[in-house]
Each structure stands twice: as structure tokens, then as C-alpha cells.
Amino acid sequence: MQKLFAILQELLTRGRSAVLVTVTAGRGSVPRGAGARMLVTEEGRAYGTIGGGAVEHEAILRAQALLPGGGNASEVFRLYPNQVKDLGMVCGGEVEVWFRRFDEKDLPLAEKALALFREKTAFWLVCGISVEGPAALCRPEGVLWGAAVPPAVLESLGPKPSNIEAGGARWFSERMLSPARVYLFGGGHVSQALAPALAAAGFRCTVLEDREEFCQPELFPGAEEVRLIDMARVSDAADITADDYVVIMTRGHRDDLLIQAQVLRTPARYIGVIGSRKKKAAVFAKLREMGFTDADLDRVITPIGLAIGAETPAEIAVSIAAQLIQVRNS
């Protein structure tokens, strides 16, 4: 979404208009669910996608019709045969799509959103669907920029895109930057492949290493931070919360054990450790000797990643990224 706002800012700075197209609801089998977005200009789709195919084509045409000066609009595209707005698709379902036109007066919104991204401040984009125009950048504790938003909407902001009824109107909220992050312990080949994969999937990633040669930011495209740390003092480098994910891939059993013993004392949402079942048995035995219970050890996923037969660093990275997506969406 940061790139979308950057493109929007560039367009508005040049005095051009654009329409933000958002899927606000999907029922049945549909190409993309709530939260899918694309930006449309006179030339067509400028960024993003709501699933491609006939739905996207019709949505682009509808968005372009709003560019000369139209306001907001909402459309339901049905993917069933022989019904209104039949698109000749066999998915079976319907997609509700909302259109909002942005012009020069909305430039401050794009600028503020980009500033929040740069500051790494978690925030939500909140738009009035059934009321004309309102858009705001919010956190649960209040509006950071933009139109007034009913308190009931702020109280309902959550991790997933949501439709919220409040103040006699309908609102749509989506988290733009999550407070959650992935902590990668170890900067080897798998971490180097995993960091860009996680970034592409919308995760915020911090790499933690104790070897200077593996602590170079250029090795981890997409990572927000790369830190040189003392592996025996994790809490000095990372404040791991219940929203966060921990991936442990250090250079050996000893360091893996050292990290696990520390992160098991945090509320981390996910703890995954690379390695074989034989390694798991040996490390778990040591952890039990240290006082950890079976309930504690049940929090640790090892071997890490989905079972897709991955072998190379790139394949293992895909399996881990897929597992984190699965956990995030559960």
C-alpha cells in the first residue's frame, strides 16, 4: 500500500485525478476478497489489482467514468450466469466494489499516509462508504488525519478489512501498516531469501544477527531493520509482543537453544525454528531440563514451514512465508 500512496501522491502533485477502487465485500467464490485495491487513471490501471479478468475490466471502466468529476460510487458485480451485470465468469459469487475519486484537495492525505509509512506507525485507512467523501487515517485511539470518524468505528478497527455500521452510515476500514513484525534470528542464506519474500507478502521484517559479515542491510532486501545483537540478550534488541512472529535460523543448535529459551518467555504469536526432527528432539530435551513444559514447547513449530518438499534456500523461504501467511489469516 505504501507504493500505491506514493503513486497517488505523484499523480495529485501533477494536478491529475485518480480513482481508488476497493473490494469491500466478497461472497462465494471470487477472485479477490475485501481489501483488494487498485488505482485507476485515464490511461487505465496504474497500480494494484482486484483480481483481473472481467470484474477488473468493468471496474476500470466504471472508475474512468468518475474521473471527469464524479463522486464516489458502489457497484456489485455478480459472477453468476443470467443475472444482472453477469460478467460471463464461472467463479460463482459476487463482489462489492467501492470507488473513490481523489484529486488535488486529497494531496495532504497521501502525504500524511506516506509520512506514517516512513515513521513505521501502524494506522488504518477509514472511508465512509454510504456518505460522500469522508476519508481518514486512524488509530484506535483517534484520528491521525482527515474527516471525523464515529468512536464506534475507531473501537472496531481490527487486523482485517472490515465493514462497520456506525453513526447511521457504513464505513470501511483497512489496516495499512501492521504493528506486528517478523523477527528473523540469523542472517544466513535462508534468511536472505526469506526477508524479500516476507516483504512482498506485507510483513514487516527485522533481522537480528551477531556476526558482522551477515549483518549487512543489502543482504536482506525488504527488511525494515538489520541489527547486530548479543544473542544472549534478546530483550535488549527486540520487544516481542503478542502480535509478532519469531523465526529462528541461527548458525547452530546452541544459538537456536539460546534464542528459544528467551522467546518462549515472550507472548509471541508464532515461534518457528529451522531444523530436523532429530534436532527438535535434542533441543526440546534441553529446554525441558531448563524447566519448560510440554505446553510451552507446543508453541514451537519445528521443522518450520509448510511441508512442500522444499530443499533450496529459496524453496524453504517460500514454505516459511506461506506458513506465516496461513497463521496471519487464521
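What comes next concerns the included structure. Bear in mind that the values here come from a model prediction, so they are computed numbers and not experimental data. (Residues numbered from 1 in each chain as written. Predicted model: local features only at pLDDT ≥ 70, side-chain atom pairs only at ≥ 80, totals over all residues. Heavy atoms only, no water.)

Here we come to the pairing of strand S15 (residues 270-273). Of the two faces of S15, the one holding Tyr270 and Gly272 and the one holding Ile271 and Val273 are both buried throughout. Taken together, the four bridges between strand S14 (residues 245-248) and S15 define a ladder with parallel strand orientation. Along S15, the bridge assignment pairs Val247 with Gly272. The parallel pair S14 and S15, bridged by helix H7 (residues 253-263), forms a crossover whose chirality is right-handed. (Buried < 20%, exposed > 50% of the residue type's maximum accessible area, 1.4 Å probe, protein only. Helix = DSSP H or I, 4+ residues; strand = E, 2+ residues; numbered from the N terminus. Pairing = 2+ DSSP bridges. Right-handed = clockwise from strand over helix to strand, strands pointing away.)

Taken together, the six strands give an open sheet; going across it, the order is S13-S12-S11-S14-S15-S16, and neighbouring strands pair in parallel fashion. Because the sheet does not close on itself, it has two edges, and the strands there are strand S13 (225-228) and strand S16 (300-301). Of the pairings in the sheet, the one linking S15 to S16 comprises two bridges and is parallel in character. Within the sheet, the bridge partner assigned to Ile271 lies in S16 and is Val300. Helix-sheet contacts for helix H5 (residues 189-200) involve strand S11 (182-185), strand S12 (205-209) and S14, and the interaxial angle to S11 is about 170°. (Contact = heavy atoms within 4.5 Å. Axes fitted to C-alpha atoms, helices over the stretch in contact; angles between N-to-C directions.)

Inspection of every chain in the model, using the stated rule, returns 21 salt bridges. Of the charged contacts in the structure, one is a salt bridge between Asp106 and Arg100, with a shortest N-O distance of 3.5 Å. Each member of the pair Asp106 and Arg100 is classed as buried. Residue Asp256 pairs with Lys279 through a salt bridge whose shortest N-O separation is 2.2 Å. Note that Asp256 is positioned in helix H7 and Lys279 in helix H8 (residues 277-289), a separation of 23 residues in sequence. Summarising the burial analysis for this pair, Asp256 and Lys279 share the class buried. What emerges from the salt-bridge pattern is a single network uniting Arg181, Arg204, Glu224, Glu225 and Arg227. (Salt bridge = Lys/Arg side-chain N within 4 Å of Asp/Glu carboxyl O.)

What follows deals with the sheet that holds strand S10 (residues 169-177). Read from one edge to the other, the open sheet built from five strands follows the order S8-S7-S6-S10-S9, with strand pairing classed as antiparallel. Both edges of this open sheet fall to strand S8 (142-146) and strand S9 (162-166), since each of them pairs with a single strand only. Averaged over all neighbouring strand pairs, the angle between strand axes comes to 35°, with direction disregarded.

One can find Asp244 in the loop between helix H6 (234-237) and S14. One buried charged residue, Asp244, forms no salt bridge at all, with the nearest opposite charge on Arg181 at 5.5 Å. Residue contacts for Asp244: discarding those within four places in its chain leaves Pro179, Ala180, Arg181, Tyr183, Asp239, Ala268, Arg269 and Tyr270. (Lys, Arg positive; Asp, Glu negative; His and termini not counted.)

Here H7 lies mainly inside the structure; eight of its 11 residues are buried. Among all positions in H7, only Asp255, Asp256, Leu257, Ile259, Gln260, Ala261, Gln262 and Val263 are buried. Taken together, the buried residues of H7 touch S11, H6, S14, S15, H8 and S16.

Let us look at unusual backbone geometry. Looking along the chain, the bond that leaves Thr302 and enters Pro303 is cis, with omega of 0°. Considering the arrangement of structural elements, one finds Pro303 in the loop between S16 and helix H10 (313-328). Its identity as a non-glycine residue notwithstanding, Lys120 has a phi of 60°, on the positive side.

Counting residues in each nonpolar core, the largest one holds 27 residues, and the members touching the most others are Phe5, Leu8, Leu39, Phe123, Leu125 and Leu137. At the level of secondary structure, the elements contributing two or more residues to this core comprise helix H1 (2-13), strand S1 (18-28), strand S5 (93-102), helix H3 (107-119), strand S6 (123-128), strand S7 (135-139) and S10. Ranked by residues supplied to this core, first place goes to H3 with seven residues. In this structure, Leu137 is in contact with Leu109, Lys112, Ala113, Leu116, Phe123, Trp124, Leu125, Val143, Leu144 and Trp145, ignoring residues within four places of it in sequence. Core analysis: the next-biggest nonpolar cluster, separate from the first, contains 25 residues, Ile240, Ile248, Ile259 and Ile271 among them. (Core = buried A, V, L, I, M, F, W, Y, C linked by side-chain atoms within 4.5 Å.)

Applying the stated criterion across every chain yields a total of four aromatic pairs. With a centroid separation of 6.3 Å and 45° between ring planes, the pair formed by Tyr245 and Tyr270 is classed as tilted. With Tyr245 in strand S14 and Tyr270 in strand S15, this pair connects stretches of sequence that are 25 residues apart. Accessibility classification places Tyr245 together with Tyr270 in one group, the buried group. Through a chain of ring-to-ring contacts, three or more aromatic side chains come together here, namely Phe5, Phe117 and Phe123. Above the face of the Phe214 ring, Arg211 is positioned so that its terminal group lies 4.1 Å from the ring centre. (Phe/Tyr/Trp six-rings, centres within 6.5 Å; stacked < 30°, edge-to-face > 60°. Lys NZ or Arg CZ within 6 Å of the ring centre and 35° of its normal.)

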